[in-house]
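Structural overview
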Amino acid sequence: MRKVAVIGAAMGRIGRYPELMFQDLGWPAIKGAIEDAGLERKHIEAVYCGSAYGGRLAGQRALRPLGMTGVPVVNCENACSSGATAFREAWYAIAAGRYDRVLVLGIDKLSMLGGGVLPGQPEDWEVDVGLTMPALYSMRAKRYMHEFGLTREQLSKVSVKARRHGALNPYAQYQKPVTLEEVMAARLVAEPFGLLHCCPTGDGAAAVVLCAGELVAQSTTKPVWVAGADLTSGRFVTGYRDITTAEITERGAHEIYEETGISPQDVDVAEVHDAFAIAELMYYEALGFCKKGEAIQLLESGATSVGGRIPVNMSGGLLSKGHPVGATGAAQIVEMIWQLRGQAGARQAEGAKVGLTHCTGGGIAGLDHGACAITIFKT
Amino acid sequence: MNASASEANYALPGTISFDEAHRPRLMGGLCAQCGAKVFPKPKICSGCWSTEQQDLALATRGKLYSFSIVHAARKGWPSPYAIAYVDLDDGVRICAPLEADLAHPPTLDITVELIVGTLRAHADGTPVLSHRFKPVQEAR
Ligand SMILES: [Zn+2]
């Protein structure tokens, strides 16, 4: 396997852009990533595109305005993990020697779907009796609170931290800090969650250029190396299941730590899939940043905030930066590249050398989640 | 057991039967080869790949594992409503609407029992029925 680095990264501000065509959401990120890498479009040998709601040929549609079709384009759908899945496949294609320079795009335009709760998985019997994604996560929260004594006020601190970080990120959908009182008093979505315990829906695109190790010296940017990229799917369980443990993330984390020889203690900065406030806490535990049941203590200690031991979601996370589903994995990776290059501005995790991105989701009855992609980067 | 007269109006057709005393039973599958109990009844056992799946009337009682009161519902769903995970006494977990006093929500791990009720309505007003669970009123 060859070494692979990310040499270009770009994204637009996540938000709601109903007036923008899907393709016009996508091409600026692609162009930005190629220019950031100091390359021209002719250098890109293949494109991997992740999108969950973009429909057919999402990659080709975003590439067409740039005259960049004519190379293999692989479109990946894996719910929230679509962009991260595309990245993993691109990394592997270079590592295996198939290509030298590949572009990864994550893109989704959720404003196409109208507002409110996302449509459920078709033919899913839990959805057919009223399960929604916020309700699923709020059941995790309710059980977690019951078993570990977490309070709604403590849960709300996750959202306050996310918004504090997002306020420092010009690419975030929400750039306004919120108080604990505002989180507690927000309109109810699915109890115990109010609106500010849930990520917004939005539109976004993010792109990176990956390069084989041998050619990295020709690049103008500081390379960020891919230590490993893990992808797995949820196991089907028909009986009782502990929904306070993120089974798929725990298993994926174990796999990638084993594969890379990097331990949770080595991770300097992380972007985790905080689609809902409880998720961030569950993922601290599943990723090994703390023991089971101790996530809120880790957050309250300040360890996961800007300036802490292991800053998590410096971008604001899904709660503040936004969650254009299929774009999210790529957007997390763009943020991580900026963090590890030392280009993250006011939200920089000082001296970060090892970064982890974690992207999981997709509601499907009987599985913890549909997919989980974890990537580790190092300088 | 008799199948319901109007299956078309059930959210999950074929999952509700009524016993001789007209009490509802939730129907799952029992794998003839490995004994796995699954709801809804599958065409193939995910464990042993046997396609021999028998009808199984599931336990009518279980423990309330977790629930949420949904305020932001999908279009056409009356809200708020409560949705729960119920761990049936025979080892099967069921996602089900919970019939409870939403102003005084129940605590977790209480015993709940199966009922059948209205889930929502079609656009023409026809009610859509489904399995539901409600807290068991224990004699004190
Ligand atoms: Zn079987």
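The shown structure was predicted, so the numbers you read here are calculated from the model rather than taken from an experiment.

What counts as what
- Residues numbered from 1 in each chain as written.
- Chains lettered and ligands numbered in written order.
- Predicted model: local features only at pLDDT ≥ 70, side-chain atom pairs only at ≥ 80, totals over all residues.
- Heavy atoms only, no water.
- Helix = DSSP H or I, 4+ residues; strand = E, 2+ residues; numbered from the N terminus.
- Rg over C-alpha atoms; globule rule 2.2 N^0.38 Å.
- Buried < 20%, exposed > 50% of the residue type's maximum accessible area, 1.4 Å probe, protein only.
- Contact = heavy atoms within 4.5 Å.
- Areas by Shrake-Rupley, 256 points an atom, 1.4 Å probe, with all protein chains shown as cover.
- Lys, Arg positive; Asp, Glu negative; His and termini not counted.
- Charge placed at Lys NZ, Arg CZ, Asp CG, Glu CD.
- Expected span 1.5 Å × (residues − 1).
- Pairing = 2+ DSSP bridges.
- Axes fitted to C-alpha atoms, helices over the stretch in contact; angles between N-to-C directions.
- Donors = N, O, S within 2.8 Å, 3.2 Å for Na, K, Ca; no water.
- Tetrahedral: all angles 85-135°; square planar, octahedral: opposite > 155°, others 65-115°.
- Salt bridge = Lys/Arg side-chain N within 4 Å of Asp/Glu carboxyl O.
- Polar contact = N/O pair within 3.5 Å; in protein donor to acceptor, adjacent residues only side chain to side chain.
- Core = buried A, V, L, I, M, F, W, Y, C linked by side-chain atoms within 4.5 Å.
- Domains from an automatic or database assignment.
- Buried area = accessible area lost by both parts, 1.4 Å probe.
- Nonpolar A, V, L, I, M, F, W, Y, C, P; charged D, E, K, R; others polar.

Comments concerning the overall build of chain A
Looking only at helices and strands, one finds 12 helices and 11 strands in chain A. At 19 Å, chain A has a C-alpha radius of gyration in line with the 21 Å of a compact globule built from 379 residues. The C-alpha extent of chain A, read off along each of the three principal axes, is 55 × 40 × 40 Å. Residues classed as buried in chain A amount to 63% of the 379 residues present. Long-range contacts, defined as pairs at least 24 residues apart, comprise 79% of the intrachain contacts of chain A with a sequence gap of at least 6. For chain A, the computed accessible surface area is about 13,300 Å², with 52% contributed by carbon and sulfur atoms. Where the 36 positive side-chain charges of chain A centre and where its 39 negative ones centre are 4 Å apart.

Some points on helix α12 (residues 328-341) of chain A
Residue and element names in this part refer to chain A. With 14 residues, α12 extends 20 Å from end C-alpha to end C-alpha; this agrees with the ideal 20 Å at 1.5 Å per step. Counting buried positions along α12 gives 14 out of 14 residues, so the element sits mostly inside the fold. Two residues or fewer after α12 comes G342, characterised by a positive phi angle close to 80°.

Here we look at the side chain of S130 of chain B
Examined against the element boundaries, S130 of chain B turns out to sit in strand β10 (residues 127-135). Those residues in contact with S130 of chain B, other than ones at most four positions away along the chain, are V129 of chain A together with Y10, A11, I16, P97, I115, V116, G117 and L119 of chain B.

Points about the sheet that holds strand β9 (residues 269-271) of chain A
Residue and element names in this part refer to chain A. Reading across the sheet, the 9 strands line up as β3-β2-β4-β7-β1-β8-β11-β10-β9 and stay open at both edges, with mixed pairing between neighbours. Looking at which strands have only one partner, the edges of the open sheet turn out to be β3 (73-76) and β9. Between one strand and the next, the sheet's axes are offset by a mean angle of 25°, whatever the strand orientation. Of the pairings in the sheet, the one linking β9 to strand β10 (residues 354-361) comprises 3 bridges and is parallel in character. Paired with E271 across the bridge in β10 is T357.

Focus: the side chain of S82 of chain A
Checked against the element boundaries, S82 of chain A lands in helix α3 (residues 82-95). What S82 of chain A contacts, discounting residues up to four positions off in sequence, is G50, S51, A52, C76, E77 and G326 of chain A.

As for helix α5 (residues 133-148) of chain A
With 16 residues, α5 of chain A extends 22 Å from end C-alpha to end C-alpha; this agrees with the ideal 22 Å at 1.5 Å per step. Considered for burial, the residues of α5 of chain A that qualify are P134, A135, L136, Y137, S138, M139, R140, A141, R143, Y144 and M145 of chain A.

Here we look at the coordination of the zinc ion
Protein-derived coordination of the zinc ion comes from C31 of chain B (SG), C34 of chain B (SG), C45 of chain B (SG) and C48 of chain B (SG), at a distance range of 2.3 Å. One way to put it: the 4 donor atoms around the zinc ion meet at angles of 100 to 118°, and that makes the site tetrahedral.

Focus on the interface of chain B and chain A
Contact residues are listed per partner, giving 37 residues for chain B and 31 residues for chain A. At the boundary of chain B with chain A, the tally comes to 1 salt bridge. Note that D109 of chain B and R143 of chain A form a salt bridge whose closest N and O atoms lie 2.8 Å from each other. Across the chain B-chain A interface, the total number found is 18 residue pairs in polar contact (both at pLDDT 80 or more). Taken together, the elements giving at least two residues each to the side of chain B that touches chain A come down to β4 (37-38), β6 (61-70), β7 (81-88), β8 (93-98) and β10 of chain B. Ranked by residues supplied to the side of chain B that touches chain A, first place goes to β6 of chain B with 7 residues.

Details of the nonpolar core
I278, L281, Y284, L287 and F289 of chain A are the most contacted members of the largest nonpolar core, which totals 50 residues. If one sorts the elements of this core by residue count, helix α9 (residues 277-286) of chain A sits on top with 8 residues. Excluding residues within four positions of it along the chain, L287 of chain A makes contact with T249, A253, Y257, P264, V272, L356, H358 and I374 of chain A. Core analysis: the next-biggest nonpolar cluster, separate from the first, contains 41 residues, I16, L64, I69 and V112 of chain B among them.

Here's the deal with the pairing of strand β5 (residues 188-191) of chain A
Here 2 bridges tie β5 of chain A to strand β6 (residues 193-194) of chain A, and the two strands are oriented antiparallel to one another. Paired with A190 of chain A across the two strands is F193 of chain A, which belongs to β6 of chain A. Counting the residues that bridge the hairpin from β5 of chain A to β6 of chain A gives 1 residue. Here 2 bridges tie β5 of chain A to β6 of chain B, and the two strands are oriented antiparallel to one another. Counterpart to A190 of chain A in the pairing with β6 of chain B is V70 of chain B.

Points about the domain arrangement of chain A
All names here are of chain A. Taken domain by domain, chain A holds domain 1 (4-114 + 202-224) and domain 2 (125-199 + 227-378). If you average the C-alpha positions of domain 1 and of domain 2, the two centres end up 23 Å apart. Residue-level contacts link 42 residues of domain 1 with 37 residues of domain 2. When domain 1 packs against domain 2, close to 2,900 Å² is buried across both sides, 68% of that on carbon and sulfur atoms. The largest contributions to the domain 1 side of the interface with domain 2 come from I14, C80 and V224, which together make up 24% of the buried area. Joining domain 1 to domain 2, the criterion identifies 1 salt bridge. The tally of links from domain 1 across to domain 2 stands at 10 residue pairs in polar contact (both at pLDDT 80 or more). Taken together, the residues of the side of domain 1 that touches domain 2 break down into 20 nonpolar, 14 polar and 8 charged.

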